[in-house]
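Coordinate analysis (summary)
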Amino acid sequence: MIPNLNIVPFVSVDNMMKLVLRIGVERFLVELAGYIEDDFRRWELFDKTPRVASHSAEGVIELMPTSDGEVYGFKYVNGHPKNMREGRQTVTAFGMLADVHNGYPVLLSEMTILTALRTAAMSALAAKHLAPAESRCMALIGNGAQAEFQALAFKALLGVDRLRLYDIDRSATQKCIRNLAGLGFDMTACTSAQEAVEGADIITTVTADKQYATILTDNMVGSGVHINAVGGDCPGKTELHRDILLRSDIFVEYPPQTRIEGEIQQLAPGHRVTELWQVVTGAVEGRRDAGQITLFDSVGFAIEDFSALRYVRDQLRSTGLYQELDMLADPDEPRDLFGMLLRAAQ
């Protein structure tokens, strides 16, 4: 895109917001889900490893790398639930793509907003393959920073237009209702998680506390629903009662990571799960019958972030929504890096 070897295209928060708004949030989510689905169809080409995590009492900092053999990508991301009380985001992120053949970065981007979009697009993509046909009503439990993105992704990809909202903080629910007003939803603010799941075809849990929590108990989940469990994404952090898992057909991104971080950390290491990429490719059946409980144990995986960065990069040429970042040393003679420093002093 840029001939100068020292320059790397950089997508700032400002330009990411402009890009999303220029494309349109729902179209962005649909197209992003398409990129993820394309990469899931070539899943076996990618390098795969559980994310490299540094845990503390307050949260976690993670690196998420992958490569398809042509392009290398990684994301830096944190998760600190206490941050909200200090006026900070719970999750922040940035990411990079690089050319495998020469190692040079080809994109640096903010990923706080992009991760929210990617997570929602991934949820809706999984539901497209697993949720009951003609699902229209979703319980959305946890109405924080991710909630509106989830709602819009399910509307754009599945036609969900009825939301039953619940959060222990009622102001979060009211925020969600305000933000989604006029966007095609029939919304009900509920007083409990139990009330929220009544009549729902899909149940999305997206809470933030870093603890073994029980957002859904076994008696709250009837037959035939699809559960989109988003909030549990690190060791010691869950949202569902173990008995729900034992009644469900469980679908995951990458088992070695999900067994450490997902809801299935509550189960025996050999408990049967299905990798979602196999459903996407048609190798394995997803939803088999109307009474089946399907559970997407979502923790987020590096290939999804790779897809998101790849999608953003493909939009830059036509939009110009990036900055030229002077990031790489480029001396006239590749071996004369010190001489470049001396010439700068002159």
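Keep in mind that this is a model prediction, so the values were computed, not measured. (Residues numbered from 1 in each chain as written. Predicted model: local features only at pLDDT ≥ 70, side-chain atom pairs only at ≥ 80, totals over all residues. Heavy atoms only, no water.)

Here's the deal with the overall build of the protein chain
Stated precisely, the cut-off is as follows: By the criteria applied, helices consist of DSSP H or I runs no shorter than four residues and strands consist of E runs no shorter than two, each listed in order from the N terminus. Only the C-alpha atoms count toward the radius of gyration. The rule for a globule is 2.2 Å times the residue count to the power 0.38. In this analysis, two residues are considered to be in contact whenever any of their non-hydrogen atoms come within 4.5 Å of each other. The accessible surface values rely on the Shrake-Rupley method and a 1.4 Å probe; as for residues, cover is taken only from the protein chains in view. Charged-residue counts in this description rest on Lys and Arg as positive and Asp and Glu as negative, His and the chain ends being excluded. Every charge is mapped to an atom, namely NZ of Lys, CZ of Arg, CG of Asp or CD of Glu.
Each helix and strand counted, the protein chain has 11 helices and 17 strands in total. Computed over the C-alpha atoms, the radius of gyration of the protein chain is 21 Å, within 12% of the 20 Å expected from 2.2 N^0.38 for a compact globule of 346 residues. Sequence separation of at least 24 residues holds for 72% of the intrachain contacts in the protein chain that already meet a minimum separation of 6. Surface exposure of the protein chain reaches about 15300 Å², of which carbon and sulfur atoms provide 51%. Of note, the protein chain has its 33 positive side-chain charges centred 2 Å away from the centre of its 46 negative side-chain charges.

Concerning the environment of Gly 224
Along the chain, Gly 224 falls in the loop between β11 (212–216) and β12 (226–229). Taking C-alpha positions, Gly 224 is 9.5 Å from Arg 287, a pair spaced 63 residues apart along the chain. Look past the residues within four positions of Gly 224 in its chain and what remains in contact with it is Pro 132, Arg 287, Ala 290, Gly 291, Gln 292 and Ile 293.

What about the sheet that holds strand β9 (residues 186–189)?
As a general point, the strands of a sheet are linked pairwise by backbone hydrogen bonds and lie either parallel or antiparallel. Formally: Note on pairing: two strands pair once DSSP finds at least 2 bridges between them.
Strands sit in the order β9-β8-β7-β10-β12-β16-β14-β15 across an open sheet of 8 strands; the sheet is parallel. Looking along the sheet, the strands with just one partner apiece sit at the ends: β9 and β15 (274–275). Both strand β8 (residues 162–166) and β9 contribute to a ladder of 4 bridges, which runs parallel. Looking at β9, one finds that Leu 165 is bridged to Ala 189.

Concerning the packing of aromatic side chains
The cut-off we apply is this: Aromatic pairs are defined between Phe, Tyr and Trp rings, using the six-membered ring for Trp, whenever the two ring centres lie within 6.5 Å; interplanar angles under 30 degrees are classed as stacked, those over 60 as edge-to-face, and all others as tilted. Per-residue accessibility, obtained with a 1.4 Å probe over protein chains only, is compared with the maximum for each type, and a residue is labelled buried under 20%, exposed over 50%, and partly exposed between these values.
With the rule as written, the count across this model stands at 8 aromatic pairs. Summarising the aromatic geometry, the rings of Phe 74 and Phe 94 are spaced 6.4 Å apart at their centres and angled 80 degrees between planes, so their arrangement reads as edge-to-face. On the criterion of sequence distance, the pair formed by Phe 74 in strand β4 (residues 71–79) and Phe 94 in strand β5 (residues 93–99) is long-range, its members being 20 residues apart. Given a relative accessible area of 35%, Phe 94 falls into the partly exposed group.

Digging into the pairing of strand β14 (residues 249–252)
Our working definition: The handedness rule is simple: strands pointing away from the viewer, and a clockwise path from the first strand over the helix to the second, make the crossover right-handed.
Where β14 lies against strand β16 (residues 294–297), 3 bridges are found, and the strand directions are parallel. Residue Asp 249 lies in a different strand from β16, and its bridge partner there is Thr 294. Inspection of the sheet shows β14 paired to β15 by 2 bridges, in the parallel sense. Counted as the bridge partner of Phe 251 is Thr 274 from β15. Crossover handedness for the path β14 to helix α8 (residues 255–261) to β15: right-handed.

Considering the state of the cysteines
Short version of the rule: Throughout, disulfides are identified as pairs of cysteine sulfur atoms within 2.5 Å of each other.
This model, assessed by the stated rule, comprises 0 disulfides. Cysteine Cys 137 remains unbridged, with the sulfur of Cys 190 as its closest cysteine sulfur at 8.8 Å. For Cys 176, which is in no disulfide, the shortest distance to another cysteine sulfur is to Cys 190 and amounts to 12 Å.

With respect to the packing of helix α1 (residues 13–23) against helix α10 (residues 302–319)
We apply this condition: Note on method: axes are straight lines fitted to C-alpha atoms, helices fitted across the in-contact stretch only, with angles between N-to-C directions ranging 0 to 180 degrees. With respect to orientation, any angle under 35 degrees is reported as roughly parallel, any angle over 145 as roughly antiparallel, any angle of 65 to 115 as roughly perpendicular, and every other angle as oblique. In this count, Pro and Cys sit with the nonpolar residues alongside Ala, Val, Leu, Ile, Met, Phe, Trp and Tyr, while Asp, Glu, Lys and Arg are called charged and the others, Gly among them, polar.
At their nearest, the axes of α1 and α10 sit 11 Å apart, and the two run at 80 degrees to each other. When the interaxial angle is binned, α1 and α10 end up roughly perpendicular. In this structure, α1 contributes Met 16, Leu 19, Arg 22 and Ile 23 to the contact, and α10 contributes Tyr 311, Val 312, Gln 315 and Thr 319. Of the residues belonging to the contact of α1 with α10, the class tally is 5 nonpolar, 2 polar and 1 charged.

Some points on the nonpolar core
Let me state the cut-off plainly: Take the buried residues of types Ala, Val, Leu, Ile, Met, Phe, Trp, Tyr and Cys, join any two whose side-chain atoms come within 4.5 Å, and each joined set is a nonpolar core. Start and end points for every domain follow an automatic or database-based domain assignment.
In terms of nonpolar packing, the biggest core is built from 65 residues, with Phe 28, Leu 32, Phe 40, Leu 114, Leu 163, Leu 276 and Val 312 touching the most fellow members. Both domains that meet at this core, namely domain 1 (7–113 + 303–344) and domain 2 (120–300), each give it at least three residues. Apart from residues lying up to four places away in sequence, Leu 32 is in contact with Leu 117, Arg 118, Ala 121, Ser 307, Ala 308 and Tyr 311. Counting residues in each nonpolar core, the second largest holds 26 residues, with Ile 203, Leu 216, Val 225 and Ile 250 among its members.

Let's talk about the domain arrangement of the protein chain
Let me state the cut-off plainly: Joining two parts hides part of their accessible area as seen by a 1.4 Å probe, and the buried area is that hidden amount summed over both. By salt bridge we mean one thing: a side-chain nitrogen of Lys or Arg within 4 Å of a carboxyl oxygen of Asp or Glu.
Domain annotation for the protein chain reports domain 1 (7–113 + 303–344) and domain 2 (120–300). Once you take the C-alpha centre of each, domain 1 and domain 2 turn out to be 26 Å apart. On the domain 2 side, the residues contacting the 24 residues of domain 1 number 32 residues. Around 2400 Å² of area is buried between domain 1 and domain 2 when both sides are counted, 66% of it from carbon and sulfur atoms. Summed over the shared surface of domain 1 and domain 2, the number is 3 salt bridges. Only α2 (25–41) and β3 (60–67) provide two or more residues apiece to the side of domain 1 that touches domain 2.

Let's talk about the pattern of salt bridges
Under the criterion given, the structure shown has 21 salt bridges. Two residues, Arg 310 and Asp 39, come together in a salt bridge whose shortest N-O distance is 3.2 Å. Here Arg 310, found in helix α10, pairs with Asp 39, found in helix α2; they are 271 residues apart in sequence, far enough to count as distant. Using a relative accessible area of 0% as the deciding quantity, one classes Asp 39 as buried. Arg 118 is the partner of Glu 304 in a salt bridge, and the nearest nitrogen-oxygen pair spans 3.1 Å.

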